[in-house]
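This is what each chain is made of:
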Amino acid sequence: MAQEDLKKYTKEQLARFFRQMTLVREFELRAIEERRRGLIPGFIHSCVGQEATAVGACEALTQEDVITSTHRGHGHLLGKGGDPKYMMAELAARSPGYCLARGGSLHMADFDLGILGANGIVGGGFPAAVGAALAFQMRKEERVSLTFFGDGAINEGSFHESANLAGLWNLPVIFFCENNLYGEGTPQHKQAPIRDLARRADGYGFPGVIVDGNDVIAVYDVTKAARERALAGEGPSLIEAKTYRYRGHYEGDPMVYRPKGELEEWRKRDPIPAFRLRLIQSGIISEGEIEELMGNVQGQLDEAVKYAASAPIPVVEEALQGVYADTHDGLVF
(Lines give C-alpha, C1' and ligand atoms only; values in the text may rest on other atoms or scores of the structure.)
Protein backbone atom coordinates (compact mmCIF):
# COMPACT_ATOMS: atom_id res chain seq x y z
CA MET A 1 0.00 0.00 0.00
CA ALA A 2 1.32 3.42 -0.97
CA GLN A 3 2.01 5.85 1.85
CA GLU A 4 -0.55 8.32 0.53
CA ASP A 5 -3.28 5.70 0.99
CA LEU A 6 -2.86 6.03 4.76
CA LYS A 7 -4.43 9.48 4.49
CA LYS A 8 -7.81 7.79 4.08
CA TYR A 9 -7.67 7.05 7.81
CA THR A 10 -7.56 9.37 10.80
CA LYS A 11 -4.44 9.71 12.91
CA GLU A 12 -6.36 8.34 15.88
CA GLN A 13 -7.40 5.29 13.88
CA LEU A 14 -3.88 4.54 12.68
CA ALA A 15 -2.46 5.03 16.17
CA ARG A 16 -5.06 2.61 17.51
CA PHE A 17 -4.11 0.00 14.90
CA PHE A 18 -0.48 0.24 15.98
CA ARG A 19 -1.23 0.28 19.69
CA GLN A 20 -3.57 -2.69 19.49
CA MET A 21 -1.08 -4.77 17.51
CA THR A 22 1.61 -3.88 20.03
CA LEU A 23 -0.72 -4.78 22.89
CA VAL A 24 -1.42 -8.21 21.36
CA ARG A 25 2.29 -8.91 20.79
CA GLU A 26 3.40 -7.76 24.22
CA PHE A 27 0.50 -9.48 26.00
CA GLU A 28 1.52 -12.78 24.45
CA LEU A 29 5.18 -12.33 25.31
CA ARG A 30 4.32 -11.32 28.88
CA ALA A 31 1.97 -14.30 29.27
CA ILE A 32 4.74 -16.62 28.07
CA GLU A 33 7.13 -15.10 30.59
CA GLU A 34 4.62 -15.30 33.45
CA ARG A 35 4.02 -18.95 32.63
CA ARG A 36 7.75 -19.57 32.99
CA ARG A 37 7.70 -17.80 36.34
CA GLY A 38 4.84 -19.94 37.58
CA LEU A 39 1.97 -17.43 37.66
CA ILE A 40 0.14 -19.07 34.74
CA PRO A 41 -0.57 -22.82 34.75
CA GLY A 42 -1.24 -24.95 31.68
CA PHE A 43 -0.46 -24.41 28.01
CA ILE A 44 -0.33 -21.23 25.94
CA HIS A 45 -0.88 -21.20 22.17
CA SER A 46 0.44 -17.76 21.25
CA CYS A 47 -0.43 -15.71 18.17
CA VAL A 48 2.91 -13.85 17.96
CA GLY A 49 3.27 -12.86 14.31
CA GLN A 50 -0.47 -12.83 13.60
CA GLU A 51 -1.33 -9.48 15.20
CA ALA A 52 -2.46 -7.81 11.98
CA THR A 53 -5.19 -10.38 11.36
CA ALA A 54 -6.74 -10.08 14.82
CA VAL A 55 -6.57 -6.30 15.01
CA GLY A 56 -7.45 -5.53 11.40
CA ALA A 57 -10.52 -7.78 11.45
CA CYS A 58 -11.83 -6.70 14.86
CA GLU A 59 -11.33 -3.00 14.14
CA ALA A 60 -13.75 -3.38 11.21
CA LEU A 61 -16.50 -4.62 13.58
CA THR A 62 -18.68 -2.84 16.11
CA GLN A 63 -19.24 -3.84 19.72
CA GLU A 64 -22.67 -5.16 18.70
CA ASP A 65 -21.08 -7.55 16.21
CA VAL A 66 -19.88 -10.88 17.61
CA ILE A 67 -16.90 -13.16 17.12
CA THR A 68 -16.00 -16.74 17.86
CA SER A 69 -12.36 -17.54 18.44
CA THR A 70 -9.90 -20.43 18.60
CA HIS A 71 -7.29 -22.05 20.85
CA ARG A 72 -4.99 -19.24 19.59
CA GLY A 73 -7.41 -16.53 20.55
CA HIS A 74 -5.81 -13.97 22.86
CA GLY A 75 -5.30 -11.51 19.98
CA HIS A 76 -8.93 -11.79 18.91
CA LEU A 77 -10.15 -11.05 22.42
CA LEU A 78 -7.87 -8.05 22.79
CA GLY A 79 -8.81 -6.84 19.32
CA LYS A 80 -12.50 -6.97 20.24
CA GLY A 81 -11.89 -4.90 23.35
CA GLY A 82 -10.92 -7.47 25.97
CA ASP A 83 -9.29 -6.08 29.12
CA PRO A 84 -5.75 -7.45 29.67
CA LYS A 85 -6.37 -7.33 33.41
CA TYR A 86 -9.22 -9.86 33.36
CA MET A 87 -7.56 -11.89 30.62
CA MET A 88 -4.36 -12.24 32.64
CA ALA A 89 -6.41 -13.15 35.71
CA GLU A 90 -8.16 -15.88 33.72
CA LEU A 91 -4.82 -17.23 32.49
CA ALA A 92 -3.58 -17.27 36.08
CA ALA A 93 -6.71 -19.19 37.20
CA ARG A 94 -7.88 -16.38 39.47
CA SER A 95 -11.50 -15.63 40.40
CA PRO A 96 -11.82 -12.19 38.69
CA GLY A 97 -10.90 -13.68 35.31
CA TYR A 98 -13.35 -13.43 32.43
CA CYS A 99 -14.68 -16.94 33.08
CA LEU A 100 -14.10 -16.98 36.85
CA ALA A 101 -10.97 -19.13 36.30
CA ARG A 102 -13.00 -21.88 34.60
CA GLY A 103 -12.06 -21.18 31.00
CA GLY A 104 -8.35 -20.54 31.02
CA SER A 105 -6.48 -19.69 27.85
CA LEU A 106 -8.67 -21.70 25.48
CA HIS A 107 -12.19 -20.73 26.50
CA MET A 108 -12.43 -17.04 27.38
CA ALA A 109 -15.65 -15.20 26.60
CA ASP A 110 -17.39 -11.89 27.27
CA PHE A 111 -20.85 -11.56 25.76
CA ASP A 112 -20.98 -7.84 26.60
CA LEU A 113 -18.08 -7.28 24.19
CA GLY A 114 -19.51 -9.61 21.54
CA ILE A 115 -16.97 -12.33 22.32
CA LEU A 116 -18.99 -15.55 22.18
CA GLY A 117 -15.97 -17.53 23.22
CA ALA A 118 -12.64 -18.96 22.27
CA ASN A 119 -12.75 -22.69 21.66
CA GLY A 120 -10.32 -25.52 22.24
CA ILE A 121 -12.07 -27.70 19.66
CA VAL A 122 -10.72 -27.17 16.14
CA GLY A 123 -13.64 -25.87 14.10
CA GLY A 124 -15.82 -25.53 17.19
CA GLY A 125 -16.67 -21.88 16.59
CA PHE A 126 -18.34 -22.29 13.17
CA PRO A 127 -21.80 -23.44 14.32
CA ALA A 128 -22.00 -20.79 17.05
CA ALA A 129 -21.12 -17.99 14.62
CA VAL A 130 -23.62 -19.20 12.04
CA GLY A 131 -26.27 -19.58 14.75
CA ALA A 132 -25.67 -16.00 15.89
CA ALA A 133 -25.93 -14.78 12.29
CA LEU A 134 -29.23 -16.63 11.89
CA ALA A 135 -30.54 -14.94 15.04
CA PHE A 136 -29.52 -11.52 13.71
CA GLN A 137 -31.29 -12.24 10.43
CA MET A 138 -34.48 -13.47 12.10
CA ARG A 139 -34.55 -10.45 14.44
CA LYS A 140 -33.73 -8.07 11.59
CA GLU A 141 -30.76 -6.70 13.58
CA GLU A 142 -27.97 -4.73 11.89
CA ARG A 143 -25.24 -7.03 13.21
CA VAL A 144 -22.80 -9.57 11.82
CA SER A 145 -20.85 -12.47 13.25
CA LEU A 146 -17.24 -13.29 12.41
CA THR A 147 -15.62 -16.63 13.09
CA PHE A 148 -11.83 -16.90 13.29
CA PHE A 149 -10.21 -20.22 12.40
CA GLY A 150 -6.97 -21.67 11.07
CA ASP A 151 -6.01 -23.45 7.87
CA GLY A 152 -6.44 -26.81 9.57
CA ALA A 153 -10.02 -26.09 10.68
CA ILE A 154 -11.24 -25.39 7.15
CA ASN A 155 -10.98 -29.14 6.52
CA GLU A 156 -13.31 -29.99 9.38
CA GLY A 157 -16.86 -31.12 8.72
CA SER A 158 -18.18 -28.31 10.90
CA PHE A 159 -16.82 -25.77 8.39
CA HIS A 160 -18.55 -27.37 5.43
CA GLU A 161 -21.86 -27.81 7.24
CA SER A 162 -21.78 -24.25 8.56
CA ALA A 163 -20.70 -22.71 5.26
CA ASN A 164 -23.40 -24.65 3.43
CA LEU A 165 -26.18 -23.34 5.68
CA ALA A 166 -24.73 -19.81 5.69
CA GLY A 167 -24.70 -19.75 1.91
CA LEU A 168 -28.11 -21.37 1.60
CA TRP A 169 -29.75 -18.94 4.02
CA ASN A 170 -27.69 -15.89 2.98
CA LEU A 171 -26.59 -15.23 6.56
CA PRO A 172 -24.60 -12.18 7.78
CA VAL A 173 -21.47 -14.13 8.76
CA ILE A 174 -17.79 -13.70 7.90
CA PHE A 175 -15.56 -16.77 7.81
CA PHE A 176 -12.06 -15.50 8.63
CA CYS A 177 -9.25 -17.99 7.98
CA GLU A 178 -5.87 -17.18 9.51
CA ASN A 179 -3.70 -19.30 7.22
CA ASN A 180 -0.40 -19.52 9.10
CA LEU A 181 0.72 -22.48 6.94
CA TYR A 182 0.55 -25.10 9.70
CA GLY A 183 -2.19 -27.12 11.35
CA GLU A 184 -0.29 -27.89 14.55
CA GLY A 185 2.81 -29.43 12.89
CA THR A 186 1.30 -30.35 9.52
CA PRO A 187 2.11 -27.98 6.63
CA GLN A 188 -0.85 -26.74 4.64
CA HIS A 189 0.17 -28.50 1.43
CA LYS A 190 -0.22 -31.82 3.25
CA GLN A 191 -3.69 -30.91 4.53
CA ALA A 192 -5.47 -29.69 1.40
CA PRO A 193 -5.09 -30.19 -2.36
CA ILE A 194 -5.43 -26.45 -3.05
CA ARG A 195 -3.07 -23.64 -2.13
CA ASP A 196 -5.65 -20.87 -1.88
CA LEU A 197 -8.22 -21.90 0.70
CA ALA A 198 -10.48 -18.98 -0.22
CA ARG A 199 -11.57 -21.09 -3.20
CA ARG A 200 -13.60 -23.22 -0.82
CA ALA A 201 -16.25 -20.47 -0.80
CA ASP A 202 -17.09 -21.20 -4.44
CA GLY A 203 -18.84 -24.40 -3.45
CA TYR A 204 -21.20 -22.56 -1.12
CA GLY A 205 -22.21 -19.65 -3.31
CA PHE A 206 -20.40 -16.76 -1.68
CA PRO A 207 -17.13 -14.94 -2.40
CA GLY A 208 -13.71 -15.94 -1.11
CA VAL A 209 -11.08 -13.22 -0.80
CA ILE A 210 -7.33 -13.49 -0.20
CA VAL A 211 -5.55 -10.77 1.80
CA ASP A 212 -2.03 -10.15 3.08
CA GLY A 213 -2.45 -11.13 6.71
CA ASN A 214 0.62 -9.11 7.71
CA ASP A 215 -0.93 -5.82 6.52
CA VAL A 216 -3.34 -4.51 9.16
CA ILE A 217 -4.83 -1.91 6.81
CA ALA A 218 -5.50 -4.46 4.07
CA VAL A 219 -7.13 -6.80 6.59
CA TYR A 220 -9.27 -3.97 7.95
CA ASP A 221 -10.41 -2.93 4.48
CA VAL A 222 -11.38 -6.41 3.31
CA THR A 223 -13.22 -7.19 6.58
CA LYS A 224 -15.05 -3.87 6.46
CA ALA A 225 -16.17 -4.66 2.90
CA ALA A 226 -17.37 -8.12 3.96
CA ARG A 227 -19.32 -6.59 6.85
CA GLU A 228 -20.97 -4.03 4.57
CA ARG A 229 -21.85 -6.79 2.14
CA ALA A 230 -23.44 -8.86 4.90
CA LEU A 231 -25.48 -5.92 6.21
CA ALA A 232 -26.69 -5.20 2.68
CA GLY A 233 -28.28 -8.65 2.63
CA GLU A 234 -25.70 -10.14 0.29
CA GLY A 235 -24.72 -12.97 2.59
CA PRO A 236 -21.47 -14.52 3.85
CA SER A 237 -17.85 -14.02 2.83
CA LEU A 238 -14.73 -16.11 3.31
CA ILE A 239 -11.52 -14.18 3.98
CA GLU A 240 -8.22 -16.02 3.80
CA ALA A 241 -5.45 -14.01 5.48
CA LYS A 242 -1.99 -15.34 4.61
CA THR A 243 0.11 -14.99 7.74
CA TYR A 244 2.59 -16.84 9.95
CA ARG A 245 3.07 -17.65 13.63
CA TYR A 246 6.57 -17.16 15.01
CA ARG A 247 6.19 -19.44 18.02
CA GLY A 248 5.34 -23.13 18.04
CA HIS A 249 1.88 -24.59 18.08
CA TYR A 250 2.20 -24.35 21.88
CA GLU A 251 4.93 -23.05 24.16
CA GLY A 252 7.51 -25.84 24.29
CA ASP A 253 6.86 -27.06 20.74
CA PRO A 254 10.34 -27.83 19.24
CA MET A 255 9.10 -26.82 15.76
CA VAL A 256 11.13 -29.50 13.99
CA TYR A 257 8.58 -29.46 11.15
CA ARG A 258 9.68 -26.06 9.84
CA PRO A 259 12.15 -25.82 6.94
CA LYS A 260 15.44 -24.13 7.76
CA GLY A 261 15.30 -20.38 7.17
CA GLU A 262 11.50 -20.16 6.86
CA LEU A 263 10.98 -18.36 10.17
CA GLU A 264 13.73 -15.85 9.39
CA GLU A 265 12.15 -15.03 6.03
CA TRP A 266 8.76 -14.40 7.59
CA ARG A 267 10.27 -12.22 10.32
CA LYS A 268 11.35 -9.82 7.57
CA ARG A 269 7.62 -9.22 7.02
CA ASP A 270 6.78 -8.69 10.70
CA PRO A 271 3.51 -6.71 10.70
CA ILE A 272 4.38 -4.42 13.62
CA PRO A 273 7.75 -2.92 12.62
CA ALA A 274 6.52 -2.74 9.02
CA PHE A 275 3.48 -0.70 10.03
CA ARG A 276 5.57 1.44 12.38
CA LEU A 277 7.88 2.35 9.50
CA ARG A 278 4.93 3.22 7.26
CA LEU A 279 3.46 5.50 9.92
CA ILE A 280 6.73 7.35 10.50
CA GLN A 281 7.56 7.67 6.80
CA SER A 282 4.07 9.03 6.13
CA GLY A 283 4.65 11.81 8.65
CA ILE A 284 1.31 11.06 10.30
CA ILE A 285 2.82 9.83 13.56
CA SER A 286 6.24 10.74 14.96
CA GLU A 287 8.86 8.44 16.46
CA GLY A 288 8.22 10.03 19.83
CA GLU A 289 4.50 9.33 19.63
CA ILE A 290 5.22 5.71 18.70
CA GLU A 291 7.47 5.31 21.74
CA GLU A 292 4.79 6.84 23.95
CA LEU A 293 2.22 4.34 22.67
CA MET A 294 4.58 1.45 23.34
CA GLY A 295 5.34 2.68 26.84
CA ASN A 296 1.62 2.98 27.53
CA VAL A 297 1.15 -0.66 26.53
CA GLN A 298 3.90 -1.82 28.88
CA GLY A 299 2.35 0.10 31.74
CA GLN A 300 -1.03 -1.48 31.05
CA LEU A 301 0.50 -4.96 31.06
CA ASP A 302 2.42 -4.29 34.27
CA GLU A 303 -0.91 -3.46 35.89
CA ALA A 304 -2.52 -6.57 34.42
CA VAL A 305 0.15 -8.88 35.83
CA LYS A 306 0.03 -7.16 39.20
CA TYR A 307 -3.75 -7.51 39.28
CA ALA A 308 -3.65 -11.20 38.36
CA ALA A 309 -0.92 -12.02 40.87
CA SER A 310 -2.84 -10.43 43.75
CA ALA A 311 -6.29 -11.73 42.73
CA PRO A 312 -7.92 -14.47 44.84
CA ILE A 313 -7.79 -18.13 43.86
CA PRO A 314 -11.23 -19.79 43.52
CA VAL A 315 -12.43 -21.78 46.52
CA VAL A 316 -13.92 -25.27 46.33
CA GLU A 317 -17.37 -24.00 47.33
CA GLU A 318 -17.54 -22.05 44.03
CA ALA A 319 -16.81 -25.05 41.82
CA LEU A 320 -20.39 -25.54 40.63
CA GLN A 321 -21.24 -21.83 40.29
CA GLY A 322 -22.67 -21.25 36.84
CA VAL A 323 -22.99 -24.96 36.07
CA TYR A 324 -26.55 -25.58 37.25
CA ALA A 325 -29.64 -23.37 37.37
CA ASP A 326 -32.95 -23.71 39.19
CA THR A 327 -35.63 -24.80 36.75
CA HIS A 328 -39.35 -25.37 36.69
CA ASP A 329 -40.99 -27.28 33.87
CA GLY A 330 -37.84 -26.85 31.80
CA LEU A 331 -37.67 -23.08 32.18
CA VAL A 332 -34.53 -21.49 33.63
CA PHE A 333 -34.99 -18.69 36.15
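Thresholds applied
- Residue numbers run consecutively from 1 along every chain, following the written order of its sequence.
- In view of the model being predicted, local features appear only for residues whose pLDDT reaches at least 70, and side-chain atom pairs are presented and counted only at 80 or more, with totals across whole chains, interfaces and linings using the full set of residues.
- Only hydrogens and water are removed before side-chain values are computed, so all heavy atoms of the structure are retained for them.
- Only DSSP runs of H or I with at least four residues qualify as helices, and only runs of E with at least two residues qualify as strands; both kinds are numbered from the N terminus onward.
- Each radius of gyration reported is based on C-alpha atoms, and the globular scaling rule is 2.2 Å times the count of residues to the power 0.38.
- Areas reported as accessible are Shrake-Rupley estimates using a 1.4 Å probe. Residue values count occlusion only from the protein chains shown.
- The disulfide criterion is simple: two cysteine sulfur atoms within 2.5 Å.
- Think of a salt bridge as a Lys or Arg side-chain nitrogen and an Asp or Glu carboxyl oxygen that are within 4 Å of each other.
- We call a residue buried when its accessible area falls under 20% of the maximum for its residue type, exposed when it is over 50%, and partly exposed in between, using a 1.4 Å probe and counting protein chains only.
- Each pair of aromatic rings taken from Phe, Tyr and Trp, with Trp reduced to its six-membered ring, is defined by centres within 6.5 Å and is described as stacked if the planes are under 30 degrees apart, edge-to-face if over 60, and tilted in the remaining cases.
- Axis geometry follows a simple rule: fit a line to the C-alpha atoms, using only the stretch in contact for helices, then measure angles between N-to-C directions, giving values from 0 to 180 degrees.
- Here is the rule for angles: anything less than 35 degrees is roughly parallel, anything more than 145 is roughly antiparallel, 65 through 115 is roughly perpendicular, and the remaining ranges are oblique.
- Each crossing gets its hand from how the near helix is turned against the far one by less than a right angle, where anticlockwise is left-handed and clockwise is right-handed.
- Two residues qualify as a contact provided that any one of their heavy atoms is within 4.5 Å of a heavy atom in the partner residue.
- Amino acid classes used here: Ala, Val, Leu, Ile, Met, Phe, Trp, Tyr, Cys and Pro are nonpolar; Asp, Glu, Lys and Arg are charged; the rest, including Gly, are polar.
- When DSSP finds two or more bridges between two strands, those strands count as paired.
- Residue types Ala, Val, Leu, Ile, Met, Phe, Trp, Tyr and Cys, when buried and joined through side-chain atoms within 4.5 Å, form a set referred to as a nonpolar core.

Trainee: Give a description of the overall build of the protein that names residues and reports values.
Mentor: Regarding its fold elements, the protein presents 10 helices and nine strands. What you see for the protein is a C-alpha radius of gyration of 20 Å, in line with the 20 Å of a compact globule of 333 residues. Taken over the C-alpha atoms alone, the protein extends approximately 60 × 50 × 40 Å along its principal axes. Of the accessible surface of the protein, which amounts to about 15100 Å², a share of 53% is contributed by carbon and sulfur atoms.

Trainee: Break down the state of the cysteines for me, citing the residues and quoting the values.
Mentor: Going through the model one piece at a time under the given rule, you end up with zero disulfides. Not part of a disulfide, Cys 47 finds its nearest cysteine sulfur in Cys 58, a span of 11 Å. Cys 58 supplies the cysteine sulfur nearest to Cys 99, a cysteine that is in no disulfide, at a spacing of 17 Å.

Trainee: Kindly report on the pattern of salt bridges, identifying the contributing residues and their values.
Mentor: Proximity of charged atoms lets side chains of opposite charge pair with each other. What the rule picks out here adds up to 20 salt bridges. A salt bridge links Lys 242 to Asp 196; the nearest nitrogen and oxygen atoms lie 2.9 Å apart. Here Lys 242, found in strand β7 (residues 237-242), pairs with Asp 196, found in the loop between β5 (186-187) and β6 (208-212); they are 46 residues apart in sequence, far enough to count as distant. Looking at Lys 242, the relative accessible area reads 19%, which means it is buried. Exposure remark for Asp 196: the relative accessible area of 28% places this residue in the partly exposed category. Among the ionic pairs, Arg 278 bridges to Asp 215, the shortest N-O distance being 3.3 Å. Placement of the pair is Arg 278 in helix α9 (residues 271-282) and Asp 215 in the loop between β6 and α7 (216-231), with a sequence separation of 63 residues. With relative accessibility at 10%, the residue Asp 215 sits in the buried group.

Trainee: How would you sum up the packing of aromatic side chains? Please name residues and give values.
Mentor: Per the counting criterion, the structure on display carries 16 aromatic pairs. Ring plane angle 85° and centroid distance 6.3 Å describe the contact between Phe 159 and Tyr 204, whose orientation is recorded as edge-to-face. A residue pair is termed long-range when its members are at least 10 positions apart, and Phe 159 in helix α6 (residues 157-169) and Tyr 204 in the loop between β5 and β6 qualify at 45 residues. The same class applies to Phe 159 as to Tyr 204, namely buried. Seen from their ring centres, Tyr 182 and Tyr 257 are 5.2 Å apart, and the 50° between their planes marks the pair as tilted.

Trainee: Lay out the packing of helix α1 (residues 11-37) against α9 with the relevant residues and their values.
Mentor: Between α1 and α9, the shortest axis-to-axis distance is 10 Å and the interhelical angle comes to 155°. In terms of their interaxial angle, α1 and α9 are classed as roughly antiparallel. Like other packed secondary-structure pairs, α1 and α9 cross with a definite hand, here left-handed. Contact residues: Leu 14, Phe 17, Phe 18, Met 21, Thr 22 and Arg 25 in α1; Pro 271, Ile 272, Phe 275, Arg 276 and Leu 279 in α9. When grouped by side-chain class, the residues that make up the contact of α1 with α9 number eight nonpolar, one polar and two charged.

Trainee: So what's going on with the sheet that holds β7? Residues and values would help.
Mentor: Taken in spatial order, the five strands of this open sheet run β1-β2-β3-β7-β6, and their pairing is parallel. Only two strands of the sheet have a single neighbouring strand rather than two, namely β1 (66-68) and β6. The sheet shows a mean angle of 20° between the axes of neighbouring strands, taken without regard to direction. Across six bridges, the pairing between strand β2 (residues 145-150) and strand β3 (residues 173-179) is parallel. Following the sheet pairing, Phe 148 is matched in β3 by Phe 176. Most of the contacts of α6 go to β3, to which it runs at about 145°, and overall it touches β2 and β3.

Trainee: Would you mind going over the nonpolar core in detail, with residue names and values included?
Mentor: Core analysis: the biggest nonpolar cluster contains 61 residues, and Leu 14 and Phe 275 have the highest contact counts within it. Top contributing element to this core by residue count: α1, with nine residues. The contacts of Leu 14, once residues within four sequence positions are left out, are Leu 6, Tyr 9, Ile 217, Phe 275, Leu 279, Ile 284 and Ile 285. Ranked by size, the runner-up nonpolar core spans 21 residues in total, among them Leu 171, Val 173, Cys 177 and Ala 192.

Nothing here speaks to function; it is all geometry.
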